[in-house]
Amino acid sequence: MNVIASDLSGVLEIRPKVFSDERGFFVETWQSEHYCSLGLPERFVQDNHSFSVKGTLRGLHFQKKFPQGKLIYAVTGEVFDVVVDIRRDSPTFGSWCSFRLSEKRCNQLWIPPGFAHGFLTLSPSAHIIYKCTDFYHPEDEGSICWNDPTLSISWPICDSPLLSKKDAAAPRFSEALKSL
Ligand SMILES: Cc1cn([C@H]2C[C@H](O)[C@@H](COP(=O)(O)OP(=O)(O)O[C@H]3O[C@@H](C)C(=O)[C@@H](O)[C@H]3O)O2)c(=O)[nH]c1=O
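Just so it is clear, the model here is predicted, and its values are computed rather than measured. (Residues numbered from 1 in each chain as written. Predicted model: local features only at pLDDT ≥ 70, side-chain atom pairs only at ≥ 80, totals over all residues. Heavy atoms only, no water.)

1. Overview of the pairing of strand β12 (residues 125–132)
Where strand β5 (residues 46–53) meets β12, eight bridges bridge the pair, whose relative direction is antiparallel. Paired with F51 across the two strands is H127, which belongs to β12. Here strand β7 (residues 70–76) runs beside β12; their pairing, made up of six bridges, is antiparallel. Along β12, the bridge assignment pairs K70 with C132. (Pairing = 2+ DSSP bridges. Helix = DSSP H or I, 4+ residues; strand = E, 2+ residues; numbered from the N terminus.)

2. Let's talk about the sheet that holds strand β13 (residues 141–143)
Taken together, five strands build an open sheet; the order of strands is β9-β8-β11-β6-β13 and the sheet is antiparallel. Pairing within the sheet leaves two strands with one partner each, and these edge strands are β9 (96–102) and β13. Between one strand axis and the next, the sheet turns through 25° on average, direction left out of account. Two elements, strand β8 (residues 78–85) and β9, share seven bridges in a ladder whose sense is antiparallel. Its bridge partner being in β9, V79 is matched across the sheet by L101. (Axes fitted to C-alpha atoms, helices over the stretch in contact; angles between N-to-C directions.)

3. Comments concerning the UniProt feature "active site" (unreviewed entry) in the protein chain
Under the UniProt annotation, the feature "active site" (unreviewed entry) is placed at H61 and Y130. Spanning 70 residues, the annotated positions come together in the fold, the maximum distance between their C-alpha atoms being 14.0 Å. If you trace the backbone, H61 turns up in strand β6 (residues 57–63). Apart from residues no more than four positions distant in its own chain, H61 is found in contact with K70, F115, A116, H117, E141, G142, S143, K166 and D167. Along the chain, Y130 falls in strand β12. (UniProt positions renumbered as here; feature names shortened; annotations may be inferred. Contact = heavy atoms within 4.5 Å.)

Below you can see the structure in the form of structure tokens.
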């Protein structure tokens, strides 16, 4: 397993060992001893699976009182995944970083609690699964508009992404964080 630290403390790209043979491949996507030794918690309480068509952008989402750590994996396709540091006491508060997660790379992204998260589907479609450290609390959810001018995220191929109604109406970064 290779682990690449990012510019945002705690955010890790994990590249698990892939065992390929004539049948295909095998990969461990969660093994508590190995992943906990990287600093991930042992306890995840919810697993999610989303399917998106090309050009879909989900995010940027966060929970306020119940922040979720997330371990993200692209089972099929490729996504441009973005995390934004919304930890007020962090030296990188307001900074973002991006990762390409894909079925070819078999890579994973660990996002600790305290970040807003979103992704854009680059391939014709993508199945994304992720483990969460806290439950979904819809009443606690916050969102930031994907094209916030302060954040100025360099989304690839993204003039008019496919958005949910909620994401299309998401507030700017400064407004969204007033509720934090
Ligand atoms: C996220 C979530 C949604 N839902 C429901 C609510 C809604 O009716 C439907 C679709 O919800 P959304 O439009 O919020 O789904 P989506 O836009 O895919 O939301 C997700 O986006 C990515 C970027 C994340 O980081 C996730 O934490 C989550 O916020 O699914 C649940 O029942 N449980 C959940 O955990």
